[in-house]
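# Summary of structural features
The primary structure of each chain is shown beneath.
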Amino acid sequence: MNETMVTLVGNAATAVEFRETATGGMARFRFAVTPRRRDRETQLWTDGPTSFYTVWAWRALAANLAGSVAIGEPLVVHGRLKVREEERDGGRRTFVDVEAVAVGHDLSRGTAAFRRVVRTEPVVTAPSRNGPDGGSDGVPGGRPDHGPGGGADLRPAVREKVGVS
């Protein structure tokens, strides 16, 4: 099937709206892309006209977007381009949507701390060998478990931003 895949670089223009549906989560937000060009005459950077897209995401991507993206953050969005026209208020309007396959923060404009989401069924585990004596807490290799993201290697500023202690 022929689909138009696009990669957009811009900023989240609205908060992510997340809804639980019968088939899993759904999220959407508006995305702003503003081209910047160097004006040769004035030797200054100038902004071109801003294009707005509605980004849609489903299931795990939708849930992760809701917990990761805030208004104004620089993002890279990759997905299927959808153009649709609707009759509204007596006039024809064109809407441009992107059904996201992947979304990430634009690391050319800042840093991010990735935290893997583990979605597994709960399992019964054996009690730890070291117990509450302050030992390794049963983590293989004798290292303490710092939870998602392994908070031990995060710099203090990054740890504060992502809420890892």
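These notes cover the structure that comes with them. (Residues numbered from 1 in each chain as written. Predicted model: local features only at pLDDT ≥ 70, side-chain atom pairs only at ≥ 80, totals over all residues. Heavy atoms only, no water.)

Next up on the list: the overall build of the protein. Helix and strand counts for the protein stand at two helices and eight strands. Counting from the amino terminus, the protein carries its helices and strands in the arrangement β-β-β-β-β-β-α-β-β-α. A buried classification covers 22% of the 165 residues belonging to the protein. The long-range share in the protein, meaning contacts at least 24 apart out of those at least 6 apart in sequence, stands at 53%. As displayed, the protein has an accessible area near 12,100 Å², and 52% of this comes from carbon and sulfur atoms. (Helix = DSSP H or I, 4+ residues; strand = E, 2+ residues; numbered from the N terminus. Buried < 20%, exposed > 50% of the residue type's maximum accessible area, 1.4 Å probe, protein only. Contact = heavy atoms within 4.5 Å. Areas by Shrake-Rupley, 256 points an atom, 1.4 Å probe, with all protein chains shown as cover.)

So, about unusual backbone geometry. One can expect most non-glycine residues to show negative phi and most peptide bonds to be in trans. Even without glycine at this site, Gln43 takes up a positive phi of about 60°. Mapped onto the secondary structure, Gln43 falls in the loop between β4 (36–39) and β5 (44–47).

Within the fold, Asp97 resides in strand β8 (residues 91–105). Among the polar contacts listed, one links the side chain of Asp97 to the side chain of Arg84, at a separation of 2.7 Å. Those residues in contact with Asp97, other than ones at most four positions away along the chain, are Thr54, Trp56, Arg80, Leu81, Lys82 and Arg84. (Polar contact = N/O pair within 3.5 Å; in protein donor to acceptor, adjacent residues only side chain to side chain.)

Further remarks concern the packing of aromatic side chains. Throughout the structure, instances matching the rule amount to one aromatic pair. Both rings, one in Phe29 and one in Phe31, keep their centres 6.2 Å apart while their planes meet at 85°; by these two values the pair is edge-to-face. Like Phe29, the residue Phe31 is buried in the burial classification. (Phe/Tyr/Trp six-rings, centres within 6.5 Å; stacked < 30°, edge-to-face > 60°.)

Time to look at the nonpolar core. Counting 18 residues, the largest nonpolar core has Leu8, Phe29, Phe31 and Val77 as the members making the most contacts within it. Those elements that place two or more of their residues in this core are β1 (5–12), β3 (24–33), β6 (51–58), α1 (59–68), β7 (74–88) and β8. A total of four residues in this core trace back to one element, the largest contributor, which is β3. Apart from residues no more than four positions distant in its own chain, Leu8 is found in contact with Phe31, Val33, Tyr53, Leu75, Val76, Val77 and Val98. (Core = buried A, V, L, I, M, F, W, Y, C linked by side-chain atoms within 4.5 Å.)

Per the stated rule, a full pass over the model turns up 10 salt bridges. Among the salt bridges present, the one from Glu86 reaches Arg84, with a minimum N-O distance of 2.4 Å. According to the relative accessible area criterion, Glu86 is partly exposed, its value standing at 26%. With a shortest N-O distance of 3.5 Å, Glu87 and Arg92 are connected by a salt bridge. Each member of the pair, Glu87 as well as Arg92, carries the same accessibility label: exposed. Taken together, the shared-partner salt bridges in this structure form one network comprising Arg84, Glu86, Arg88 and Asp97. (Salt bridge = Lys/Arg side-chain N within 4 Å of Asp/Glu carboxyl O.)

Taken residue by residue, a regular strand's side chains alternate between the two faces of the sheet. The pairing of β1 with β7 spans seven bridges and is classified as antiparallel. The residue bridging Asn11 from the neighbouring strand is Pro74, located in β7. Across two bridges, the pairing between β1 and β3 is antiparallel. Across the sheet, Asn11 pairs through a bridge with Ala32, a residue of β3. (Pairing = 2+ DSSP bridges.)

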